[in-house]
Each structure stands twice: as C-alpha cells, then as structure tokens.
Amino acid sequence: MKVIICGAGQVGYGIAERLSQEDNEVSVIDTSAALINGITDTLDVRGYVGHGAHPDVLARAGAEDADMIIAVTLYDEVNIVACEVAHALFSVPTKIARIRSQSYLLPEYADLFSSKNMSIDVTISPEVEVGKMVLRRISFPGATDVARFAEDQIAMVAIECMEDCPVINTPLEQLSQLFPDLVATVVGVYRQGRLSVPRSGDQLHAGDLAYVICQRDHTRRTLGLFGHEEQEAARIVIAGGGNIGTYVARRIEEMQPKTRIKIIESDRERAVAISEQLRHTIVLHGSALDQAILQQADIQDADLMVTLTNNDQVNILGAVMAKALGCRSNLSLVNSSSLGEVTRSLNIDSLINPRAVTISRVLQHVRKGRIRSVYAVQNGAAEVIEAEALETSPLVGRAFRQLDLPAGIRIGALLRDGQVIRPNGDTRIRAKDRVVLFATAGTVRHVEQLFRVSIQYF
C-alpha cells in the first residue's frame, strides 16, 4: 500500500513507523526540514519538505499513485484542505484527517464531515479518543488497559497478576470449567518483556499481564476473579485543563454527577475559561508539582489522580507526588515510549499512550478484509482485532478444533445476533458473526486473509 502522511510530529512519526514496518510505501510531508531529516534518518520512508495541502508537494510525494492520505499536522485546516486536494486532483481513495478543535466536532455540526459535504472518509480527534480511553480506565479500576468492540458488547482488559491473584498457577482450561457462565478468555500474556498467545494448558504467573477478551457486562466479575476488587473513584483530581482534561471532566459530570472532580491548570486564562465551561468541577490555578496546590486539592483524600498535561515529566512526577501524599491510585498520560518503560519502576498504577490510541484508529482503516476495529497493544507487538466473518471466509462452518490457526492468533469471543459467545472446541463461526481476536504482529496478515472479501462474494 502507498501511503502519504502529512505531518512528521509525534503522531505522524508513530504512524509512519508502524506502516513502514509492515512494508508499506510511506511518504511523509512536513514544513520542518529538521523533522523530515529526523524521520528519514530513522525510518524506511521518503521525506518531503513542504506544505501538505499544496498540490505540487503532494504530486512530488506520489499522490497520483497513493492509496491513502493521512493528514495529521497540528492544524485542522491544513489537514482538511490536504484531503480535499488529494481527492479533487489525485483521486486518492482513502482520506483520513486529524481534527483537534472541538468546535468542529460539536453535535450540532455532526453533518459537516459527511460525504455529501467533504471528501474526507475518516476524521480522528486524538483528544477525544484519549479522553474516551481515560474514561474507560476510570470505569474499570484494576485494569491497566481497556478497549471495547462489537457495538460495545465485548471488552478487552489487560490485568496485572499480583502475588495474591486467585487464578495464577491454574491451567487456563480449568478456568472455563470452574466458571462456566463467565464469558471471558485469556488471549495474551506479557511476561518478562515478551508477549505470547497462551494455550489451554498454560498457566499464569505472578507478575504477568494478562489480556482478556470478555463480555462487557462480565468485565467487573473478570477483574474480581483476578483479585482486583478496586472501587470506582468518587473523588478525582485531574492535572491539566486542556482539551483532554476538560473533555474527561465534562463527561464525568454528565455520566457520574455524584463524582467530585477538581482540575489543576497552570495557565490562568485557561483555568478561568474552563471554570466557566464546567458546572460542578472545581478549577485550581497552579502547578501539579506544587505540593501546596495538591494539598489545596485535598489530594490526600482523593481516590484517583489523573495527569493529562502536555508534559510527560510533569505527568509522571505529578502522579508520583500525588500517591506519596496519600492519593489512593493514579493514571498518567505519557507520550514517550522510553519514558513509559521507566515508569514501571515508579509508583504509577496505569499509563495511557495517546500516540498508540491514535495509531490504533488509523490501523483500522489500513487493514484489509472486513476489519471493523483494531487496538494495538505493547507498542504494536500485537493487535486486538474485530472482524466480520463472510460466507467466503475459511473460518465459517468449521468447528474451532478443526481450525488450523497460527500459534500467534487466539479468538476470544463472538457476537452473533446480539449475543456474546465464548468459543469452545465445538463452536462454529457463522457468516456475519463479529469475531474478536488477539493476534501477534507477525500474524496480522494471516488475519486479513481469513476475513478477506473474495471475488465470489460479489
């Protein structure tokens, strides 16, 4: 696939890195020569210095033969125009635009990006996507990662196995026998820096991070089975009143009006502005690294500290300080993958990588076959994929025990006629089933083939 990426910042770099690793032909455009030099020196991509919305620059980057354009510059208007030019002059089939300004995304303007008004196939708002992820983590305390699939009826949760975890040293197949009515399947295990797909006879060990696909209504019970009985936070302090922090506070006000929220914002004008936007949230002007401000926010009585500033160091240190001052748990936004590794030795309960969230949304549209949703885990080492089974799929009609799946693929659940099914050896996939599975990076191409649309389908 030939892909043009407009924007070589953190998001653009992350997308280019992932797509180039999968042998796609990637061209990156940015006005910064330094960013282009940096990305071409480290990745197998072509770089072009110029304005991503200018026709001559797009032409030099190969727009005439491109299969997709992904416009992720810092400026919404540049992204929109780049997609429009790519459509009008070069007939690029798939056009994805990053939209940051929330004014474009207001419900009353929902029709703005429809096909009849603009030639943009997909809009991505990293702030909204990350905000939704933060809300999911808040809703399921004890999970280190959460994603939803199949019309929100199936969830993937990553759960750390502590020393007192009730299910460690128990063959996975016995869990199904002990809890026959629990729709949950362990599909991946991260152990000592290595991610693998377990077999039925394998066991979990203390220190493992287990990836579990389950019926969404069974998520809390699944967490409890792994020994995580944490209660949902009733008192939350948010560091950072930017788009993400404000979105999270607003949604909590709407969905959980009894939850008490406080925001710490370092910019005075921004603090005043969001205090006028939010109804019940208390906004404090100051630094999340100021102990006096943290105490003013009653951090010692808080259930959760969520650090969402634009500075990774502030997010990490603010989360650590909050915990040291008595906050029960913390959640930190960290862009840098290298810093994310460092935090494993610190007292941080959970991390969110905004770049990974955005890349997952893009991969959904890069994948071939009837792929409905994609969520990348462990920096792309594996993906949780939701796909629709077609009549022509080699999976349809055969019992699971007859399927010759690679060792790196494990199916976690099916959605059929509104019902979530935990597969066993006798289960047979039917056409139109939604299949949610875990696949290591090396087996993703095989998944695409399993759910491909063959010519016989038409």
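Residues numbered from 1 in each chain as written. Predicted model: local features only at pLDDT ≥ 70, side-chain atom pairs only at ≥ 80, totals over all residues. Heavy atoms only, no water.

## Examining the side chain of H228
With respect to the helices, strands and loops of the structure, H228 is situated in the loop between α7 (219-225) and β12 (235-239). Taking relative accessible area as the criterion, H228 reaches 10% and is therefore assigned buried. Within the structure, H228 has its side chain in polar contact with the backbone oxygen of E160 (distance 2.7 Å). Here the side chain of H228 touches E230 through a polar contact of 3.1 Å, side chain to side chain. In this structure H228 touches G142, I159, E160, M162 and L223, once residues within four positions along its chain are discounted. (Helix = DSSP H or I, 4+ residues; strand = E, 2+ residues; numbered from the N terminus. Buried < 20%, exposed > 50% of the residue type's maximum accessible area, 1.4 Å probe, protein only. Polar contact = N/O pair within 3.5 Å; in protein donor to acceptor, adjacent residues only side chain to side chain. Contact = heavy atoms within 4.5 Å.)

## Examining the environment of N353
Position of N353 among the secondary structure elements: in the loop between β17 (350-352) and α13 (354-366). In the structure, N353 is positioned 105 residues away from V248 in sequence and 16 Å away in space, judged by C-alpha atoms. With residues near it in sequence (within four places) discarded, N353 still touches V334, N335 and N379. Of note is the side chain of N353, whose polar atom sits 2.9 Å from the backbone nitrogen of R355.

## Some details on the domain arrangement of the chain
What the domain assignment reports for the chain is domain 1 (2-124), domain 2 (142-215 + 367-457) and domain 3 (235-352). Here domain 2 and domain 3 have C-alpha centroids that lie 33 Å from each other. Each partner contributes to the interface: domain 2 provides five residues, whereas domain 3 provides six residues. Where domain 2 abuts domain 3, roughly 270 Å² becomes buried across the two surfaces, and 26% of that area is made up of carbon and sulfur atoms. The three residues of domain 2 that bury the most area against domain 3 are T144, Y190 and N379, which together make up 79% of that side's buried surface. (Domains from an automatic or database assignment. Buried area = accessible area lost by both parts, 1.4 Å probe.)

## Let's talk about the UniProt feature "domain: RCK C-terminal" (unreviewed entry) in the chain
Following the UniProt record, the feature "domain: RCK C-terminal" (unreviewed entry) maps to residues 144-229 and 372-453 here. Helix and strand shares over residues 144-229 are 16% and 36% respectively, and the end C-alpha atoms of the span are 14 Å apart. (UniProt positions renumbered as here; feature names shortened; annotations may be inferred.)

## Topic: the pairing of β12
Side-chain direction in a regular strand flips from residue to residue, so the side chains alternate between the two faces of the sheet. Along β12, four of the five residues are buried, which leaves the element largely enclosed by surrounding structure. Two strands pair when backbone bridges link them, and β12 and strand β13 (residues 260-265) are joined in this way by five bridges, in the parallel orientation. Paired with I238 across the strands is I263, a residue of β13. For the handedness criterion, the β-α-β arrangement of β12, helix α8 (residues 243-255) and β13 is classed as right-handed. Two strands pair when backbone bridges link them, and β12 and strand β15 (residues 304-307) are joined in this way by four bridges, in the parallel orientation. Within the sheet, the bridge partner assigned to A239 lies in β15 and is T307. (Pairing = 2+ DSSP bridges. Right-handed = clockwise from strand over helix to strand, strands pointing away.)

## Re the state of the cysteines
Disulfide: a covalent bond connecting the sulfur atoms of a pair of cysteines. All told, the structure shown has zero disulfides when counted by the stated rule. Distance from the sulfur of C83, which forms no disulfide, to the nearest cysteine sulfur (C6) is 7.5 Å. (Disulfide = S-S within 2.5 Å.)

## Observations regarding the packing of α8 against helix α9 (residues 268-277)
Contact geometry of α8 with α9 gives a least axis separation of 11 Å together with a crossing angle of 20 degrees. Put simply, α8 runs roughly parallel to α9. You can see that α8 and α9 cross each other, and the crossing is right-handed. Where α8 abuts α9, its residues N243, T246 and R250 lie against R270, I274 and Q277. Partitioning the contact of α8 with α9 into residue classes produces one nonpolar, three polar and two charged. (Axes fitted to C-alpha atoms, helices over the stretch in contact; angles between N-to-C directions. Parallel < 35°, antiparallel > 145°, perpendicular 65-115°, else oblique. Left-handed = near helix turned anticlockwise from the far one by under 90°. Nonpolar A, V, L, I, M, F, W, Y, C, P; charged D, E, K, R; others polar.)

## Remarks on the sheet that holds strand β2 (residues 25-30)
If you walk across this open sheet you meet the six strands as β3-β2-β1-β4-β5-β6, and the pairing is parallel. Edge strands, defined here as strands with exactly one partner in the open sheet, are β3 (46-49) and β6 (122-124). On average, each strand axis in the sheet is inclined to that of its neighbour by 15 degrees, with strand direction left out of account. Those strands touched by α13 are β4 (68-71), β5 (94-98) and β6, and its axis lies near 170 degrees from that of β6.

## Focus on the sheet that holds β15
If you walk across this open sheet you meet the six strands as β14-β13-β12-β15-β16-β17, and the pairing is parallel. With partners counted over all chains shown, the strands left at the sheet margins are β14 (282-285) and β17, one partner each. Neighbour-to-neighbour, the strand axes of the sheet open up by a mean angle of 20 degrees, direction not taken into account. The pairing of β15 with strand β16 (residues 329-333) spans four bridges and is classified as parallel. Its bridge partner lying in β16, T307 is registered against S332. On top of the sheet, α8 reaches β12, β13 and β16; it is set at about 165 degrees to β13, its chief contact. The strands touched by α9 within the sheet are β13 and β14, with β14 carrying the most contacts at an inclination of about 170 degrees.

## Digging into the pattern of salt bridges
For the structure shown, the criterion picks out 28 salt bridges. Residues E22 and R18 are paired through a salt bridge, measuring 3.4 Å at the closest nitrogen-oxygen approach. Per residue, the accessibility class of E22 equals that of R18, and both read buried. Across the salt bridge formed by R137 and D145, the nearest N and O atoms sit 3.1 Å from each other. Note on R137: relative accessible area 8%, which makes it buried. Here the residues in one salt-bridge network are R18, E22, R367, E383, R445 and E448, joined through shared partners. (Salt bridge = Lys/Arg side-chain N within 4 Å of Asp/Glu carboxyl O.)

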